[in-house]
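Structural description and commentary
Okay, here's what each chain looks like letter by letter:
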Amino acid sequence: MKIVNNDLLKNIYNELKLDPKVSQIELAKKYDVNERTIRRYYKILKDNGYIVQQSSGRKTTWLILK
């Protein structure tokens, strides 16, 4: 069972609202967590309809839906 830190999830979502091009590496360093954790939280936001990926690769941008 995966444990979700709701505060971290909200912080990541707010960071994406401010800058849809923010990298996962930057967020991982800022919040002192593993990059894999950031990817897992992106997936949670994506699966719940909060964000949609517009492009892929190193220049990934996200569209905020909610």
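Small disclaimer: the values here were computed from a predicted structure and weren't measured.

**What about the confidence of the model for the protein?**
On average, the protein scores 90 in pLDDT, and the residues at 70 or more come to 98%. Helix α2 (residues 24-31) holds the highest mean pLDDT among the elements of the protein, 95, whereas strand β2 (residues 62-64) holds the lowest, 87.

**Side note on the nonpolar core**
Ile12, Leu16, Leu27, Ile38, Tyr42, Leu45 and Ile51 are the most contacted members of the largest nonpolar core, which totals 14 residues. The greatest single-element share of this core, amounting to five residues, is contributed by helix α1 (residues 6-18). Once residues within four sequence positions are removed from consideration, Leu27 is found in contact with Ile12, Glu15, Val22, Ile38 and Tyr42.

**Some thoughts on helix α3 (residues 35-47)**
In this model, α3 (13 residues) spans 18 Å end to end at C-alpha, consistent with the 18 Å of a helix rising 1.5 Å per residue. Buried within α3 we find Thr37, Ile38, Tyr41, Tyr42 and Leu45. The buried residues of α3 occupy one face: seen down the axis, they fall within an arc of 140°. By the N-cap criterion, in which a side-chain oxygen at the helix start approaches the backbone nitrogen of a residue two or three places on, α3 is capped by Asn34, the distance to Arg36 being 3.0 Å. Positioned one or two residues after α3, Gly49 has a phi angle of 80°, which is positive.

About the criteria used
- Residues numbered from 1 in each chain as written.
- Predicted model: local features only at pLDDT ≥ 70, side-chain atom pairs only at ≥ 80, totals over all residues.
- Heavy atoms only, no water.
- pLDDT = per-residue confidence, 0-100.
- Helix = DSSP H or I, 4+ residues; strand = E, 2+ residues; numbered from the N terminus.
- Core = buried A, V, L, I, M, F, W, Y, C linked by side-chain atoms within 4.5 Å.
- Buried < 20%, exposed > 50% of the residue type's maximum accessible area, 1.4 Å probe, protein only.
- Contact = heavy atoms within 4.5 Å.
- Expected span 1.5 Å × (residues − 1).
- Arc of directions from axis to C-beta.
- Polar contact = N/O pair within 3.5 Å; in protein donor to acceptor, adjacent residues only side chain to side chain.

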